[in-house]
Amino acid sequence: MVTASATGHKIRIILRAFDHRVLDLWSGQIVEAAERTGAQVAGPVPLPTSIKRFCVIRSGHVHKDSREHFEIRTHNRLIDILEPTSKTIDSLTRLNVPAGVFISMKL
């Protein structure tokens, strides 16, 4: 039997979102859709969360020492679909993506 790494047939899906609960729910739906078509799935693998922090001055005049801190956390998941068929690709393209989830697919 020839493995997927030897033939080079693999779909790599990277999901990004600010809310980790929506991201986990959506990655589960992708895994279910891929397994229904008979493809092997590796993942979802949680990747490191990127954190952007911002410091904002609360008042521009007298109270310049008073500051507020904000942060944006971007959660990432990685899913590899091994040995995909045409049914697998069709089922993945038909899924409706919820708002706030960014998907990048590489063949």
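Residues numbered from 1 in each chain as written. Predicted model: local features only at pLDDT ≥ 70, side-chain atom pairs only at ≥ 80, totals over all residues. Heavy atoms only, no water.

Pairing within the open sheet is antiparallel, and its 4 strands lie in the order β2-β3-β1-β4. In this open sheet, the two strands that pair with only one neighbour each are β2 (40-57) and β4 (101-106). Along the sheet, successive strands turn relative to each other by an average axial angle of 15 degrees, direction set aside. Of the strands in this sheet, β1 (10-17), β2, β3 (67-82) and β4 touch helix α2 (residues 20-36), which is tilted by about 10 degrees from β3. (Pairing = 2+ DSSP bridges. Helix = DSSP H or I, 4+ residues; strand = E, 2+ residues; numbered from the N terminus. Axes fitted to C-alpha atoms, helices over the stretch in contact; angles between N-to-C directions. Contact = heavy atoms within 4.5 Å.)

Further remarks concern the confidence of the model for the chain. In low-pLDDT regions, the fine details of the predicted coordinates are not to be read closely. Summing up the model confidence of the chain, the mean pLDDT is 86 and the portion of residues at 70 or higher is 93%. Looking at the elements of the chain, mean pLDDT is at its lowest for helix α1 (residues 4-7), recorded as 46, and at its highest for β3, recorded as 94. Low confidence marks residues 1-6, where pLDDT is under 50. Its contacts with residues over four positions away, or in another chain, come to 7 contacts. (pLDDT = per-residue confidence, 0-100.)

We now examine the pairing of β1. Sheet topology places β1 next to β3; 8 bridges connect them, and they run antiparallel. Note that in β3 the partner of Arg 12 across the bridge is Asp 80. By the bridge criterion, 6 bridges tie β1 to β4 in an arrangement that is antiparallel. Bridge pairing in β4 links Ile 14 to Ser 104.

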